[in-house]
Amino acid sequence: MQTKKIFIIFISLLLLGTCVTALGSGITWTGDQKTGKGRISFDIQEGWNLVPLKMLNEMSGQYWNNFRDGITTCSQDTSWDIWMHSPVTNRYEFFVSDDWGAPDTRNNYFLQNEFRSKYFHAHAGSGWIFSASDCKLSIPATGPYPNYKLDSSGTYSADGDQPSKIHRYGDLVIKKGWNFVAYDTWMVGKKLSEIFSDCEITKRNSWDAKNQEWKLSGAEMNVTEETLNSKMITEYTVFSTELLKFADDCKISMS
């Protein structure tokens, strides 16, 4: 009986030191409250899923370590094969994670052009991935936010060997048409009308991966001024993806 009590106390102490923070739908940060060390995990559903491109690249690059540690349970192909919608070509383009991470080294001419043109959707957007079963994709992260950013202030590569990708976030151009927007940590506490103050958004939608369907249809997708002023980015929205339709080319507002 005494051993059982000690075991219960030990487990309780472990739980007290562990923090779980819900981010976007199906996205959590699990870590140690004192050190801040932990991981961001995506609940990947069987079928199609939307995940920020930068996070897919990091998940793929750390796949085997995370798989051995048991924090990633998806197959390697899940974060490797990516379909990205380009409003410039108005079609889906397929590439693998390494191509996104090193377009110049790997001579991916499509991505090189997208990056050099400073397109927002290529730098800071999201991509489709497919999974044959429910699983998890995870990456190490010190705290849920704001330590991890999707933005491109500075360079994507430490040695600067991918010049086509080196642009500041505020320089990126959101192209006219549908764009997959991944909500970033710096957006928390801001309204859509503030983040996109220089843009005209006409429609919006989001993907329900669990049920494999779009959440809105018809007139529900229409965006009004009231929508833009009432939609607030919260910690529960970070790293989730929304589909927004822009009337014209514009830039995101950092101030």
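Residues numbered from 1 in each chain as written. Predicted model: local features only at pLDDT ≥ 70, side-chain atom pairs only at ≥ 80, totals over all residues. Heavy atoms only, no water.

Some thoughts on the sheet that holds strand β14 (residues 241-246)
Strand pairs in the sheet, formed through backbone hydrogen bonds, run parallel or antiparallel to each other. With respect to topology, three strands assemble into an open sheet ordered β10-β14-β11, the strand pairing being antiparallel. Looking along the sheet, the strands with just one partner apiece sit at the ends: β10 (177-182) and β11 (201-205). Each strand of the sheet is rotated relative to its neighbour by a mean of 30°, with strand direction disregarded. Pairing between β10 and β14: six bridges, direction antiparallel. Bridging from a neighbouring strand, Gly177 pairs with Phe246 of β14. (Pairing = 2+ DSSP bridges. Helix = DSSP H or I, 4+ residues; strand = E, 2+ residues; numbered from the N terminus. Axes fitted to C-alpha atoms, helices over the stretch in contact; angles between N-to-C directions.)

Points about the nonpolar core
Ranked by size, the top nonpolar core spans 29 residues in total, and within it Ile40, Phe42, Ile44, Met55 and Phe239 carry the most contacts. In contact with Ile40, not counting residues within four places along its chain, are Leu23, Ile27, Thr28, Trp29, Met55, Leu137, Ser138, Ile139, Ala141, Pro144 and Phe239. Formed by 21 residues, the second largest nonpolar core is a distinct cluster that contains Tyr169, Leu172, Trp186 and Cys199. (Core = buried A, V, L, I, M, F, W, Y, C linked by side-chain atoms within 4.5 Å. Buried < 20%, exposed > 50% of the residue type's maximum accessible area, 1.4 Å probe, protein only. Contact = heavy atoms within 4.5 Å.)

A word on the pattern of salt bridges
For the structure on display, the rule yields seven salt bridges. A salt bridge links Glu242 to Arg204, with the nearest nitrogen and oxygen atoms 2.8 Å apart. Linking Glu242 in strand β14 with Arg204 in strand β11, this pair joins segments that are 38 residues apart in sequence. With relative accessibility at 5%, the residue Glu242 sits in the buried group. Classification of Arg204 by relative accessible area gives buried; the value is 19%. (Salt bridge = Lys/Arg side-chain N within 4 Å of Asp/Glu carboxyl O.)

With respect to helix α6 (residues 109-116)
Inspection of α6 places Leu111, Gln112, Glu114 and Phe115 among the buried residues, and these make up the whole buried set. The arc enclosing the buried residues of α6, seen along the axis, measures out at 165°, which places them on a common side. For α6, exposure combined with an orientation more than 90 degrees from the buried face picks out Tyr109 and Arg116. Of the surrounding elements, those touching the buried residues of α6 are β5 (81-86), β6 (91-96), α5 (97-101) and α7 (120-124). Of the residues trailing α6, Lys118 is marked for its positive phi of about 60°. (Arc of directions from axis to C-beta.)

Thoughts on the side chain of Gln112
For Gln112, the position within the fold is in helix α6. Setting aside residues no more than four positions away along its own chain, Gln112 makes contact with Pro103, Asp104, Asn107 and Ser164.

Examining the pairing of strand β7 (residues 126-131)
Taking burial as the measure, the six residues of β7 include five buried ones, the bulk of the element. Both strand β4 (residues 47-52) and β7 contribute to a ladder of six bridges, which runs antiparallel. What sits directly across from Asn49, in β7, is Ile129.

A short note on the state of the cysteines
In the structure shown here, the tally under the stated rule is two disulfides. With a sulfur-sulfur separation of 1.9 Å, Cys74 is cross-linked through a disulfide to Cys135. Between Cys74 and Cys135, the S-S torsion sits near 90°, and that sign places the bridge as right-handed. Of this pair, Cys74 sits in the loop between α3 (63-68) and α4 (76-80) while Cys135 sits in strand β8 (residues 135-142), and the two are 61 residues apart along the sequence. Just as Cys74 is buried, Cys135 falls in that class too. What pairs with Cys199 in a disulfide is Cys250, and their sulfur atoms sit 2.0 Å apart. Where Cys199 bonds to Cys250 through sulfur, the torsion about that S-S bond is close to 100°, and the disulfide is right-handed. (Disulfide = S-S within 2.5 Å.)

Any functional reading would require information beyond the geometric quantities listed.
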